[in-house]
Amino acid sequence: MHTQLHTLFQAKTWANRQLFALLEQQLPALSADTRTTAVRMLNHVWLVEQIFQANLQQLPHGFEALNTPETPTLAELQARQQASDGWYLHYLDSVDASQLTEAVDFRFVDGKPGRMQRCEMLLHLITHGSYHRGMVGRMLAEADIRPPKDSLTIFLHQTA
């Protein structure tokens with residue numbers, strides 16, 4: 001499981017880089033509403049990663065919502081996301097495989113208690129990010145912009 005999680009987070013980092021690179025080029029081609037929605041959606045992904053980063057460290061996350069009140073610029077968000085991707089890759093390099101099945105108690109944003117294994121938290125982030133990248137990809141496609149192909153199979157093929 002440990003090796004597979006590391007591969008999934010490497011693929012997530014690769015997919016994020018592709019999407020942000022395309023958005024840098026194509027953001028002006030989107031309507032103002034679509035630009036804002038796309039950036040806010042990716043900001044939500046980043047914020048959820050920050051919540052689970054705190055959960056993995058058994059620290060309070062300090063967030064009361066699943067997005068920030070302000071919308072960052074694409075450049076600000078890209079820097080934040082790269083830092084988050086780096087944190088998770090470092091975490092997976094440093095965590096002991098046996099710790100991944102350890103259950104951790106935490107609080108959801110609504111204050112309700114939660115309990116998940118570390119590997120479940122990490123898998124949640126993989127599926128959550130993929131889901132929202134797909135939503136942004138759909139917005140791009142609706143604007144006649146071809147979204148990046150970010151499947152695991154393509155990542156594995158390109159990095160083999």
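Residues numbered from 1 in each chain as written. Predicted model: local features only at pLDDT ≥ 70, side-chain atom pairs only at ≥ 80, totals over all residues. Heavy atoms only, no water.

A. Here's a closer look at the pattern of salt bridges. As enumerated under the stated definition, the model contains six salt bridges in all. E102 is the salt-bridge partner of R118, the closest N and O atoms lying 3.0 Å from each other. Placement of the pair is R118 in helix α4 (residues 118–142) and E102 in the loop between α3 (74–94) and β1 (103–107), with a sequence separation of 16 residues. Given a relative accessible area of 5%, R118 falls into the buried group. Here R115 ties to D105 by a salt bridge, and the two come within 2.8 Å at their closest N and O atoms. (Salt bridge = Lys/Arg side-chain N within 4 Å of Asp/Glu carboxyl O. Helix = DSSP H or I, 4+ residues; strand = E, 2+ residues; numbered from the N terminus. Buried < 20%, exposed > 50% of the residue type's maximum accessible area, 1.4 Å probe, protein only.)

B. Examining the nonpolar core more closely. If you look at the biggest cluster of nonpolar residues, it comprises 38 residues, and the most contacted ones within it are F9, L23, F52, L122, V136 and L140. Elements represented by at least two residues in this core include exactly α1 (2–26), α2 (32–56), α3, β1 and α4. Element by element, the count of residues in this core is highest for α2, at ten residues. Apart from residues lying up to four places away in sequence, V136 is in contact with L19, L23, A38, M41 and L42. (Core = buried A, V, L, I, M, F, W, Y, C linked by side-chain atoms within 4.5 Å. Contact = heavy atoms within 4.5 Å.)

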